[in-house]
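Given next are the chains, with one letter for each unit.
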Amino acid sequence: MNDRRTILVRYDEIGLKGKNRDHFINRLVKNIQMLLIDLEGLEFRVPHGRIFIHCSKESADECILRLQKIPGIASSSVGVTRKPEFDALAAVGVEWIEPLLQPNKTFKFCVRTNRADKSYPYKSPEIDREVGSRILGQLHSQGLEVSIKDADFTLEIEIGQDETVVFYNRVPGLRGLPVGSSGDILGLISGGIDSPVALYRLMKRGCRAHGIFFDNRPFMGRGGYDKVLKLSKLLNRYQLNSRLFVVPFEDIQVAIRDNCRPAHRVVLYRRMMYRIAQAVARQKGCLALATGESVGQVASQTLENLNAVSQVVDLSVFRPLIGMNKQEIINEAKELGSYEISIEPHPDCCSVFMPARPATRAKIADLEVDETKFPWESLMQEAIEKMECVELDDLTV
Ligand code: ATP
Ligand code: MG
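Residues numbered from 1 in each chain as written. Chains lettered and ligands numbered in written order. Predicted model: local features only at pLDDT ≥ 70, side-chain atom pairs only at ≥ 80, totals over all residues. Heavy atoms only, no water.

### Some points on the site of ligand 1
For ligand 1, the set of nearby residues contains 17 residues, the closest of which are Leu188, Ser190, Ile193, Ser195 and Arg270. Between ligand 1 and Leu188, the relevant distance is 2.6 Å, taken from an oxygen atom to a main-chain nitrogen or oxygen of the residue. Here Ser190 contributes a side-chain N or O atom positioned 2.7 Å from an oxygen atom of ligand 1. Isolated, ligand 1 exposes 570 Å² of accessible area, and the fraction of that covered by the protein chains is 80%. Of all the secondary-structure elements, those providing two or more residues to the shell around ligand 1 are helix H5 (194-203), strand E11 (207-215) and helix H9 (265-284). Top contributing element to the shell around ligand 1 by residue count: E11, with three residues. For the shell around ligand 1, the residue count by class is seven nonpolar, seven polar and three charged. (Near = heavy atom within 4 Å. Polar contact = N/O pair within 3.5 Å; in protein donor to acceptor, adjacent residues only side chain to side chain. Areas by Shrake-Rupley, 256 points an atom, 1.4 Å probe, with all protein chains shown as cover. Helix = DSSP H or I, 4+ residues; strand = E, 2+ residues; numbered from the N terminus. Nonpolar A, V, L, I, M, F, W, Y, C, P; charged D, E, K, R; others polar.)

### Side note on the sheet that holds E11
Ordered by their spatial adjacency, six strands build an open sheet running E14-E13-E10-E11-E12-E15, and the pairing between neighbours is mixed. Unpaired on one side and paired on the other, strand E14 (316-318) and strand E15 (388-391) mark the two borders of the sheet. With strand direction ignored, the average angle separating the axes of adjacent strands in the sheet is 25°. Of the pairings in the sheet, the one linking strand E13 (residues 288-290) to E14 comprises three bridges and is parallel in character. Bridge assignment links Ala288 to a residue of E14, and that residue is Ser316. Across the sheet, H5 is in contact with strand E10 (183-188), E11, E13 and E14; its angle to E11 comes to roughly 160°. (Pairing = 2+ DSSP bridges. Axes fitted to C-alpha atoms, helices over the stretch in contact; angles between N-to-C directions. Contact = heavy atoms within 4.5 Å.)

### Focus on the environment of Val166
Along the polypeptide, Val166 turns up in strand E8 (residues 164-167). Sequence-wise, Val166 and Arg112 are 54 residues apart; in three dimensions their C-alpha atoms are separated by 9.9 Å. When residues no more than four places from it in sequence are discounted, the contact partners of Val166 are Gly79, Val80, Arg82, Leu89, Val92, Trp96, Leu155, Glu156 and Ile157.

### Concerning the coordination of the magnesium ion (ligand 2)
The magnesium ion (ligand 2) binds to the protein through Asp194 (OD) and Gln297 (OE1); the donor distances cover 2.1 to 2.4 Å. Of the two residues, Asp194 sits in helix H5 while Gln297 sits in the loop between E13 and helix H10 (303-310), which places them 103 residues apart along the sequence. For Gln297, a relative accessible area of 29% gives the class partly exposed. (Donors = N, O, S within 2.8 Å, 3.2 Å for Na, K, Ca; no water. Buried < 20%, exposed > 50% of the residue type's maximum accessible area, 1.4 Å probe, protein only.)

### Examining the packing of H5 against helix H11 (residues 326-336)
The N-to-C vectors of H5 and H11 enclose an angle of 70°; their axes lie 9 Å apart at closest approach. For the element pair H5 / H11, the angle class is roughly perpendicular. Crossing of H5 over H11 shows left-handed handedness. Along the contact surface, H5 presents Asp194, Pro196, Val197, Tyr200 and Arg201, while H11 presents Lys326, Ile329, Glu332, Ala333, Glu335 and Leu336. (Parallel < 35°, antiparallel > 145°, perpendicular 65-115°, else oblique. Left-handed = near helix turned anticlockwise from the far one by under 90°.)

### Considering the packing of aromatic side chains
For the structure shown, the criterion picks out seven aromatic pairs. Ring geometry for Tyr200 against Tyr238: centres 5.4 Å apart, planes inclined by 70°, an arrangement best described as edge-to-face. You can see Tyr200 sitting in helix H5 and its partner Tyr238 sitting in helix H7 (residues 223-239), a full 38 residues away along the chain. Relative accessible area serves as the criterion here: at 1%, Tyr200 is assigned to the buried category. Residue class for Tyr238 comes out buried when judged on its relative accessible area of 4%. Ring geometry for Tyr269 against Phe353: centres 6.4 Å apart, planes inclined by 80°, an arrangement best described as edge-to-face. Here Tyr269 is found in helix H9, whereas its partner Phe353 is found in helix H13 (residues 350-353), with 84 residues between them in sequence. Like Phe353, Tyr269 is buried. Chaining the aromatic ring pairs together yields one cluster made of Phe86, Tyr120 and Tyr122. (Phe/Tyr/Trp six-rings, centres within 6.5 Å; stacked < 30°, edge-to-face > 60°.)

### Some points on the domain arrangement of the protein chain
With domains assigned, the protein chain is organised as domain 1 (4-172) and domain 2 (183-394). A separation of 44 Å is found between the C-alpha centroids of domain 1 and domain 2. Contact with domain 1, which involves six residues of that partner, is made by eight residues of domain 2. When the buried area of domain 1 at its contact with domain 2 is split by residue, Met34, Lys69 and Pro71 rank highest and sum to 63% of it. There are zero salt bridges connecting domain 1 and domain 2. A per-class count over the side of domain 1 that touches domain 2 returns three nonpolar, no polar and three charged. (Domains from an automatic or database assignment. Buried area = accessible area lost by both parts, 1.4 Å probe. Salt bridge = Lys/Arg side-chain N within 4 Å of Asp/Glu carboxyl O.)

Below you can see the structure in the form of structure tokens.
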């Protein structure tokens with residue numbers, strides 16, 4: 001029995017959700033179960049305010065590693081379940097602290113108890129004192145001291161109604177809300193640095209983020225596609241059950257290049273991307289679009305041009321990076337793990353499709369004139385019909 005571990009998972013924001021609380025917690029538990037599905041012998045318990053996972057000593061570290069990638073978790077810790085008796089609790093402290101002591105050096109510790117079970121006959125500070133003094137009694141001669149303020153080691157005790165857990169070391173989680181609790185969105189994803197970060201931010205707000213990629217393979221080769229697939233797989237590890245829609249975009253780009261004012265090309269491409277994304281979102285039950293745009297980052301992201309693209313859709317367009325600078329975005333990409341993939345070299349389509357001087361303040365009326373010059377409705381329809389759907393769960397990570 002002693003090789004069993006108890007993982008304590010804490011969530012925070014869900015607690016604020018009033019009547020929907022159960023919905024959020026059930027969603028989080030389901031997400032955790034799915035992401036740990038291949039680990040054997042796990043047992044889940046969900047008492048008020050906490051999630052407990054019982055597992056073997058061997059799988060505990062892997063569980064903790066994966067829990068760090070699950071939105072909605074505030075922190076998690078590995079511990080052991082014990083009877084709520086001072087001697088038994090202190091014995092765990094001795095077992096963990098003793099190996100950390102060094103000859104002729106002092107080592108500071110403290111005990112912190114959270115008494116969720118208010119019927120337990122001792123209050124938290126009393127438990128701290130009782131357990132702490134037992135540990136100190138056994139290890140004082142080896143340099144152990146008590147310090148509440150700057151302890152080297154904090155032994156934490158959770159006294160619950162039917163389970164008492166002792167643990168140390170809180171591993172911070174992503175916080176936010178469990179994926180799926182807010183609904184599905186469709187994110188425009190390119191192989192760049194920004195869009196994966198934008199989707200990651202929305203996943204942490206409870207959205208399941210599917211991706212849509214506009215692919216220009218005949219001109220750019222497979223490089224872009226492969227990168228987007230890798231990025232989408234990475235994002236799927238945080239959420240599961242997401243899809244990538246790949247829309248062939250070359251016919252539309254060629255039509256715009258050959259028929260419209262060069263300076264307008266980029267905004268026209270983007271208006272088509274938005275239109276198609278909205279149609280696909282509606283088809284697939286996604287409630288909003290998302291992009292990695294940020295004000296002023298490139299010519300297509302001036303206020304005028306952002307308006308000119310938003311104007312072609314009615315769905316909400318989320319731009320979680322809108323006020324961020326590139327360095328802030330890069331820092332988050334590193335945290336997510338996407339940065340190294342995004343900076344892999346990929347083919348550049350500038351020479352073929354990009355104008356020398358893109359308009360920074362395209363006027364909507366002028367764009368609409370350009371759009372009478374090519375059959376965008378039928379091209380859009382064709383592109384959607386040829387769209388490929390990749391189930392990201394099916395691919396090995
Ligand atoms: P990223 O912004 O992801 O680093 P990027 O810089 O190549 O890629 P931008 O030109 O900044 O792309 O485009 C802004 C946003 O438009 C992207 O964040 C992404 O949401 C969307 N986008 C651009 N190109 C594509 C594409 N080929 N397919 C899908 N979405 C795209
Ligand atoms: Mg960008």
